[in-house]
Amino acid sequence: MNILLKENKKAASLNPYFALVSIVFVVFIAIAVSFFEGQVKEDVLDSIDQEFVETNQRLKEIVTTTLSEYKSDLRFLYSTPPISGLPRAHFNNGIDPYDGTSYQQWKERLETIFIGYMENNLAVEQVRVIAVTAEGNELIRVQRVGASVEASADYSLQSKSGEPYFLPSTLLEPKQVYMSPLSLNREFGEIEFPFKPMIRFSIPIYSENGKRFAFLIMNVNASTLLNNLKETVFDTSQLIISGSDGDFIIHPLESYQFSRDLNPSVNWQAVYTENIKYNGIYLIKSKANTEEQFYVRSEKLYTRSGNKYGFVNFNLLAPKEYVDNLINEKRLITYSLLFAVIVFTSILLITFYRNAIRSQLLAETRQEASAIVDGSIDAIIALNLKGHLTSLNHTAERLLLISSKAAVGKSSKEVEFLSNLPIDEYVKKIQSSRAQIKDECSFVQGEYIAHYAISVSPVFSEHSNLSGLALIIRDISKEKQAEIKVKRLNSELEAKVRKRTHALAEAKDEAIKHSEVKSAFISNVSHELRTSLNGVIGTLNILKREALTDKSRKLVDMMELSASSLNLLINDILDLSKIEAGKLDLNIQLINPLLLIESVVSSCAVRAFDKGVDVYLDTTELTCDKLEVDPLRLTQIINNLISNAIKFTEKGFIKIKVSSEHVANNEYKLRVSVQDTGIGIDPLSQKRLFGAFQQASSAITEKFGGTGLGISNL
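Residues numbered from 1 in each chain as written. Predicted model: local features only at pLDDT ≥ 70, side-chain atom pairs only at ≥ 80, totals over all residues. Heavy atoms only, no water.

Draft legend 1. The arrangement of the sheet that holds strand β23 (residues 653-662) in detail. Strand order in this open sheet of 3 strands is β21-β23-β24, and the pairing throughout is mixed. The two strands at the open ends of the sheet, each matched to only one other strand, are β21 (614-621) and β24 (668-676). The sheet shows a mean angle of 15° between the axes of neighbouring strands, direction not considered. By the bridge criterion, 9 bridges tie β23 to β24 in an arrangement that is antiparallel. Paired with Lys657 across the bridge in β24 is Ser673. Along the sheet, helix α16 (residues 631-647) makes contact with β23 and β24, crossing β24 at roughly 20°. (Pairing = 2+ DSSP bridges. Helix = DSSP H or I, 4+ residues; strand = E, 2+ residues; numbered from the N terminus. Axes fitted to C-alpha atoms, helices over the stretch in contact; angles between N-to-C directions. Contact = heavy atoms within 4.5 Å.)

Here it is in structure tokens:
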């Protein structure tokens, strides 16, 4: 009660300071909330913008790499000999003056090259040679027809002078490559269905005299490229690829795709409220549904150099609803952390507040402790590490026959009582172990012997540094006298115990004799029973060879099963009698553990297979090939474990895992574990299994039989 009153008084004196700190803390929280609220949205948008920048970079790399590869393939086809042979033969009456090859031969060779190339490049739909004439007739056309690649006959070749790519291709300089805008493929002026987005690459063919002859053009199906671009974008984003006129090439809405060819009125300006911007992330709305809003970042990629309209826009969209959810999640995390900081700071403030109260109480407590020490019936003496006295209580003054003022500063060797104690040894032990020391000492005072118990404790400073030691000395003379009386009584009691122990030893010898007689009887009876039982088993084996009815054979099988169970029971009883008599000898031999265990498992597996249970043996971790062991007893142990598993497993499997662990130079620990899918054992019943004649429950005994000797003998 007094302590509570004191704490309340101290708390009242500290309340103004605590209120001031609380006000400052609340102001800090308000500023932090205002700052975080403005920062959360900016951080989320910056994160999405950075993600869009990286994705756009990957999209650009995919497009640039793919286009570069197809241009390289076009130049490869251009470098083949028939490309230069065709104009030579054409301008020389159909015969190549270099080697006499005809125009038709060069044409057939070139068709063969085109076919071979297209068979290995599935995205290429057509490879053609088109003459630079007013009609723009096709000279060679190799195209895909179903799953095959074929060269078109001369009568099916078409005039291409009206195609958008014809004029730009006829104006190309030597080795200059032209790439057409992406458009849907047309056959005889009609858009082919299913839609094939097509990019065309062309390169001019000149004669050796620099005369324009034709151009080589390759039609590439861009479906694979567009699919790769779609797969590059995260599931949380949408990709819109638009052309330089705002037309859509790829759009989340299928009806907007390839709008240049299918619906020219559908473009960016017609669908969205904001024009395309290239200076970071911006917000757009759908004109069809104003509630549908997106954050967008657009990047421009030039696909045709020298053409200011030869570019496409990669527009990455994130739904505003998704962004708002991210902002809310980040706000929740931020405020959770802020709440944790508030809680932690509140705990610190409360702890500081309580410590301030306790610090003021500490001085008063020290004064009270000093009063308690002075009133103690034990002599309490404080010394520094040099053995000089620093303080002592009233009881110590009476014991040392010196006042506290006179004793402080004196060496322990100058005080008669302390000079008889090993103070230097106490100091060394305290410095090394910093643990309490217990000791006793005795002094002869005339005919009276005084006994004292000494407790030496380390004294630490505020910084946990050892500063001295405290001796607590108690007069235990009365306790010593009582101890002497107890020892005398103990001596008399020990004599009586020795006499009783001798009698018990004689009784034990008598019990051992009776046990030996019992063991001999069990051993003899077991041998006699087994001799008779062997006759029964042999007779049953002979009887099984006779022609029996189904009922008789069933009875014989039951008799054989009972006889086998009885034989196992007799063997267990015989082993138990040997163990009790101390006559169970081990026959240690050097064996191959793998061969022994495989033999045991093979013999047991037959019974398991008869029940429809699979048996697995895992010896992958068995690293030793020689062991000194009693093979008979090891076989018996493993056989008992597997037999129990077979007995209690109706379906499933039994897995035997054998491993060895290297212990020392030539020592190994053999570990055999048996796992089955049987009925299992209740954890509460497992402890009972290692007692003789114990099983998990009586129901198991009735169903599966057995006596419980197997595990108790392991």
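Draft legend 2. Molecular detail of the pairing of strand β12 (residues 282-285). Residues Tyr282 and Ile284 point to one face of β12 and are all buried, whereas Leu283 and Lys285, pointing to the other face, are not buried. As paired strands, β12 and strand β13 (residues 293-302) are joined by 4 bridges and run antiparallel to one another. Paired with Tyr282 across the two strands is Val296, which belongs to β13. (Buried < 20%, exposed > 50% of the residue type's maximum accessible area, 1.4 Å probe, protein only.)

Draft legend 3. Fine view of the nonpolar core. Membership of the largest hydrophobic core comes to 60 residues, with the highest contact counts inside it found for Phe114, Val129, Phe201, Leu216, Met218 and Leu229. Ignoring anything within four residues of it in the chain, the contact list for Phe114 reads Leu77, Val127, Val129, Ile140, Val142 and Leu216. (Core = buried A, V, L, I, M, F, W, Y, C linked by side-chain atoms within 4.5 Å.)

Draft legend 4. Local environment of the packing of helix α2 (residues 81-90) against helix α3 (residues 103-120). α3 packs onto α2 with a crossing angle of 155° between their chain directions and a minimal axis gap of 9 Å. In terms of orientation, α2 and α3 fall into the roughly antiparallel class. By crossing handedness, the relation of α2 to α3 is classed as left-handed. Contact with α2, carried on its side by Pro81, Pro82, Ile83, Gly85, Leu86, Arg88, Ala89 and His90, involves Tyr103, Trp106, Lys107, Arg109, Leu110 and Ile113 of α3 and no other residues of that element. A class-by-class count of the residues in the contact of α2 with α3 yields 9 nonpolar, 2 polar and 3 charged. (Parallel < 35°, antiparallel > 145°, perpendicular 65-115°, else oblique. Left-handed = near helix turned anticlockwise from the far one by under 90°. Nonpolar A, V, L, I, M, F, W, Y, C, P; charged D, E, K, R; others polar.)

Draft legend 5. Summary view of α2. Most of α2 is tucked away: 7 of the 10 residues are buried. Taken as a whole, α2 has its buried residues at Pro82, Ile83, Gly85, Leu86, Pro87, Arg88 and Ala89.

Draft legend 6. The packing of helix α15 (residues 593-610) against α16, seen in detail. It is at 10 Å that the axes of α15 and α16 come closest, and there the two elements cross at 30°. By the criterion of interaxial angle, the relationship of α15 to α16 is roughly parallel. Every pair of crossing elements has a handedness; the one defined by α15 and α16 is right-handed. Residue-level inspection shows Leu596, Ile597, Val600, Val601, Cys604, Arg607 and Ala608 of α15 in contact with α16, the latter providing Pro631, Leu634, Thr635, Ile638, Asn639, Ile642, Ser643 and Ile646.

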